[in-house]
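Commentary on secondary and tertiary structure
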Amino acid sequence: MHEEDDSAANPSRNSRILATKSLDVPECDGTKDQNSKLCGYLNKLTVKGPLRGFKMRWFVYDPRKCYLYYFKTPQDALPLGHIEIADACFRYDVEVDEGLFEIHTEGKEFLLKAPSRQVMHYWLQQLQQKRWEFCNMSGHRDSWCSPTPFHPHTGLVAKDAEAMLNEKPNESMESVRNDFALEMDNDGLVGLQSSRNPVAQPTAALNSLRHWGSELRNSMSHLRPGRGGENRRSVFYTASNEDWEMVDPPTKDATDHKSPADSQRRESPSHFNRSSIGSAFTFDFRNPSRMKRPFHMGSGKVNRSAESSPVECNGTKTSELQLCMQNQQEEINRLQEQENNLREELASQKELVRLLQQTLRSSQCDWRSTVPPGNMEPHNHNEEETEVDKALTERDTQIKDLCGHMERLALEKESLQQELKGLKIKIGEINEQLGMLMETIQAKDEVIMKLSRQSDEGGTQSAECNSPSATREQQELDSLKDSLHGYKSQNKFLNKEILELTVLRRNAESREKVLEAKYNSLEAKMCQVESKYLVLLQEVKTPVCSSSEQTHSGEVITRLLEDALQVESADQQEHPILKPNAVSEYDIFGFKTVPEEEDEEEKLEAKKRALDLKSLSLTDQETSVRVKWDNYLAITMNREMVRSPELKALMRSGVPHIHRSKVWIWCVSYHVKKIRDCQPKDYYQNLLCTANDKPNPACKQIELDLLRTLPNNKHYASPDSDGIQKLRNVLLAFSWRNPDIGYCQGLNRLAAIALLYLDQEDAFWCLVAIVEVFMPRDYYTKTLLGSQVDQRVFKDLMYEKLPRLHAHFEHYKVDFSLITFNWFLVVFVDSVVSDILFKIWDAFLYEGPKIIFRFALALFKYKEEEFLKLQDPMSIFKYLRYFTRTILDARKLMSMAFVDMNPFPLRQIQNRRTFHLEKVRLELTELEAIRQTFLRDRDTTLDGRTLISDDDEDS
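As the structure is a computational prediction, the values presented were derived from the model and not from experiment.

Quick look at a nonpolar patch on the surface
On the surface, Tyr533, Leu534 and Leu537 cluster together into a nonpolar patch covering about 330 Å² of accessible area. Note that Leu534 resides in helix 12 (residues 468-541).

So, in structure tokens, the structure goes:
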């Protein structure tokens with residue numbers, strides 16, 4: 001059986017998680033399929049050493065990996081472990097405890113228990129369905145050969161991926177599966193709503209006590225002697241309405257550390273009269289308001305407010321132990337009383353000696369003071385001395401006798417204390433034995449009570465029917481009906497399980513054959529490439545001697561170029577498993593990889609660029625980033641993501657394609673939360689209704705720019721594309737929200753990129769976040785004031801971070817802001833390759849506009865040496881127009897942006913923006929004054945002219 005480790009999380013990891021904000025479970029997932037999430041409480045069998053038992057765990061199904069994670073509570077961040085459902089099989093037995101089922105995976109076996117048989121069937125059917133959906137999803141088995149085996153759940157990219165991957169299910173197979181399905185209800189115990197009422201769940205644990213007696217004996221057989229007093233706590237559930245709590249006696253160490261006053265108070269005879277059994281039978285009978293009645297073993301204190309009541313126990317051995325313990329306790333009481341009497345006698349004797357000594361001293365002083373020394377007669381003096389000596393001798397003898405008596409009493413006291421300690425140790429051992437016997441007896445009593453109730457019920461029914469045989473037959477008939485129904489359900493479930501496992505095995509075999517064919521095809525393709533490469537090398541190496549050889553060489557090179565420029569055909573797209581060409585027509589974002597309108601040399605360069613990007617996406621570093629994101633999202637499964645250094649580092653490394661929708665939605669929601677909370681929930685729909693009902697001055701310009709937004713992306717390539725209508729809605733809604741901006745060229749590209757991973761409403765709020773939260777005011781107005789200010793700030797940063805390149809541009813009088821202006825306005829859309837573009841957007845949506853400055857500087861630093869080699873303005877400006885498309889290594893670029901550009905404080909950018917803003921406003925004011933002067937002069941000149949019409953000229 002699988003052994004659970006509750007301390008699976010390492011401490012360093014926990015220290016980072018403790019700072020995160022714990023949320024209620026209903027708030028942990030912002031997606032729209034929140035209500036359909038498969039999660040709930042189940043009891044999991046846990047084995048730790050000789051002890052085994054069920055512990056309640058919170059289970060959550062993760063559809064990304066087909067894992068069933070289990071946590072201690074719904075609010076926990078780190079899972080205790082997981083179960084791989086994709087390769088698992090399920091089974092249950094009708095004859096065992098109700099709700100008990102097994103999940104078998106590779107090398108592991110998990111025993112789980114549901115609150116009821118109905119809930120168990122619901123879990124099993126849901127897990128079967130999840131396994132079936134996951135195993136039949138195209139591409140999940142081929143993750144080793146593709147950097148993006150899964151796809152986002154929102155946006156145009158997700159819809160495109162869904163159309164490409166989803167296969168029509170086999171109708172006959174689905175009908176057979178539906179025939180074996182059972183109509184089950186989860187009784188509200190499965191789903192997020194079950195986390196709000198965890199109190200109802202422990203009723204499942206009650207069923208596990210049916211065979212408590214045997215499990216208790218099995219557990220006790222593994223316990224070593226002497227370990228019974230280690231604060232064990234045993235709970236018994238009975239059918240009565242009272243609570244029974246059995247308490248272990250205090251250990252020897254605890255007793256020795258008690259103060260004398262506490263010991264006298266605890267061991268006084270009055271204390272033992274509080275219970276009819278006394279300390280030799282340390283039970284505490286309480287009646288708190290609980291649903292079930294636990295019979296506990298805990299501390300040795302007795303609840304004084306509770307009423308004492310005797311305990312009836314079965315078995316002569318237990319009675320003998322009780323009598324023995326009572327006798328020993330009485331002996332202890334007697335010894336304690338004797339010890340107290342001896343102490344009192346000793347104190348009185350000491351007081352008597354003290355008084356006698358004081359009297360003797362006082363009498364001697366009186367006698368000497370009353371009889372003068374000169375008047376004493378010798379004879380009387382000798383007699384008095386003799387009497388005094390006798391008296392002193394008698395007193396000394398009495399004192400010696402008393403001291404000896406005190407020593408004997410002290411020795412007797414020590415012996416009594418030793419005997420008392422020995423008796424206490426014996427009592428502790430007897431209490432341990434009694435506790436174990438009482439647990440066994442209690443379990444037996446429960447079985448007897450249950451059998452008695454069954455017998456009473458049977459007797460009542462027989463009395464009513466006056467036919468014992470008919471009652472037994474009816475009971476047997478009902479039992480057989482229940483068993484028949486259970487076996488029918490089990491038969492359906494097992495038939496469905498066998499059917500699904502058979503189909504999945506066949507699918508796995510067919511996939512294996514297809515992969516083998518794919519491997520052979522790729523091997524053949526590799527041989528062809530090597531052959532063509534060798535032919536090309538031979539043609540280049542061989543000198544051209546005649547025109548015929550030159551013509552032949554040209555034909556060979558032309559044929560090789562034609563083969564190299566081939567992309568995935570339509571037939572190959574219908575069979576995505578067999579792809580001899582490594583580059584498809586469109587990338588995962590929908591951008592065309594090899595544009596058709598370009599010449600052959602540019603097409604070859606585009607094909608080479610696509611191959612380089614694909615090879616970079618398959619590196620170990622990219623795989624490591626995906627694994628880190630999977631682990632982080634598994635940790636945050638039960639809570640919402642929060643801003644942290646760990647998340648910041650992950651965002652800067654780029655978000656994997658599969659997780660980008662979820663992460664972008666969270667980023668946008670975080671930045672516009674205050675704005676969004678002030679608006680009604682249907683705010684976006686109301687803006688769309690307003691745009692449809694009333695004409696907007698920006699509508700015409702929006703319609704003109706729709707098809708010019710991303711013409712090289714298939715989602716916006718034609719009027720019928722899916723993205724065109726969504727883009728129109730987002731831009732119209734935004735124009736009504738911001739009448740002062742309306743529409744600015746550049747907003748269409750921002751919204752188009754957002755729509756690739758977000759739905760319409762989230763893309764609208766993403767546009768709001770960029771324009772109203774990230775960028776300064778007047779960034780997208782008619783004057784583009786904020787954009788002009790950022791160009792001057794960027795020139796200052798170029799002078800500071802890249803002084804050589806800045807001096808080079810100044811020397812040849814090259815104004816690079818003509819190129820970089822568009823970078824800032826549309827956040828690098830259509831300026832860099834798509835893979836780098838979306839990594840920039842990942843960090844941009846998390847950190848804000850500072851990212852644009854970082855990457856703009858990193859792009860120039862990446863190609864700094866190439867720029868310094870150019871020695872004329874025309875070549876420099878020409879290279880400026882396309883150099884960003886030649887940068888393919890995203891990891892190197894990101895290292896330059898986030899490491900080489902440090903330090904990069906946002907306060908410095910804000911201060912420089914403030915400085916340049918005043919200068920740009922002053923210049924714009926001067927330009928506006930010049931424009932007004934020019935318009936007045938032009939109007940004056942036109943008024944002074946004499947205009948002659950065509951009729952006058954003809955006449």
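Further notes follow.
Here's the deal with empty space enclosed by the protein
Counting across every chain of the model gives five cavities of 30 Å³ or more. Estimates place the volume of the second largest cavity at around 50 Å³. Lining the second largest cavity are Val353, Leu356, Gln357, Leu360, Arg395, Gln398 and Ile399. Elements with a minimum of two residues in the lining of the second largest cavity: helix 10 (316-370) and helix 11 (378-465). Element by element, the count of residues in the lining of the second largest cavity is highest for helix 10, at four residues. Of the residues assigned to the lining of the second largest cavity, the class counts are four nonpolar, two polar and one charged.

Observations concerning the pattern of salt bridges
Applying the stated rule across the entire model yields 26 salt bridges. Here Asp97 makes a salt bridge to Lys113, at a shortest N to O gap of 3.4 Å. Highlighted residues: Asp97 in the loop between strand 5 (89-92) and strand 6 (100-105) and Lys113 in strand 7 (residues 108-113), separated in sequence by 16 residues. An identical accessibility class is assigned to Asp97 and Lys113; each is buried. Taking the shortest distance from any N to any O, the salt bridge between Glu509 and Arg505 comes out at 2.8 Å. Here Glu509 and its partner Arg505 are both found in helix 12, four residues apart, which amounts to about one turn of the helix. According to the relative accessible area criterion, Arg505 is partly exposed, its value standing at 45%.

What to know about the pairing of strand 7
Judged from the two bridges that link them, strand 1 (residues 39-48) and strand 7 form a sheet pairing that is antiparallel. Note on strand 7: the bridge partner recorded for Lys44 is Leu112. One ladder, built from six bridges, connects strand 6 with strand 7; its direction is antiparallel. Its bridge partner being in strand 7, Thr105 is matched across the sheet by Lys108. In sequence, strand 6 turns back onto strand 7 through a hairpin of two residues, with Gly107 there showing a positive phi of about 80 degrees.

Some remarks on helix 25 (residues 785-801)
Here helix 25 is 17 residues long and its end C-alpha atoms lie 24 Å apart, about the 24 Å a rise of 1.5 Å per residue gives. All buried positions along helix 25 are accounted for by Leu785, Gly786, Ser787, Val789, Asp790, Gln791, Val793, Phe794, Leu797, Met798 and Lys801.

Criteria and thresholds
- Residues numbered from 1 in each chain as written.
- Predicted model: local features only at pLDDT ≥ 70, side-chain atom pairs only at ≥ 80, totals over all residues.
- Heavy atoms only, no water.
- Patch = residues over 30% accessible without salt bridge, like charges linked within 9 Å, V, L, I, M, F, W, Y side chains within 5 Å.
- Areas by Shrake-Rupley, 256 points an atom, 1.4 Å probe, with all protein chains shown as cover.
- Salt bridge = Lys/Arg side-chain N within 4 Å of Asp/Glu carboxyl O.
- Helix = DSSP H or I, 4+ residues; strand = E, 2+ residues; numbered from the N terminus.
- 1 Å grid on protein atoms, 1.4 Å probe; cavity = no way out; pocket = protein on both sides within 12 Å on 5 of 7 lines; lining within 4 Å.
- Points joined across faces, edges and corners; volume = space filled by probe spheres on them.
- Nonpolar A, V, L, I, M, F, W, Y, C, P; charged D, E, K, R; others polar.
- Buried < 20%, exposed > 50% of the residue type's maximum accessible area, 1.4 Å probe, protein only.
- Pairing = 2+ DSSP bridges.
- Expected span 1.5 Å × (residues − 1).

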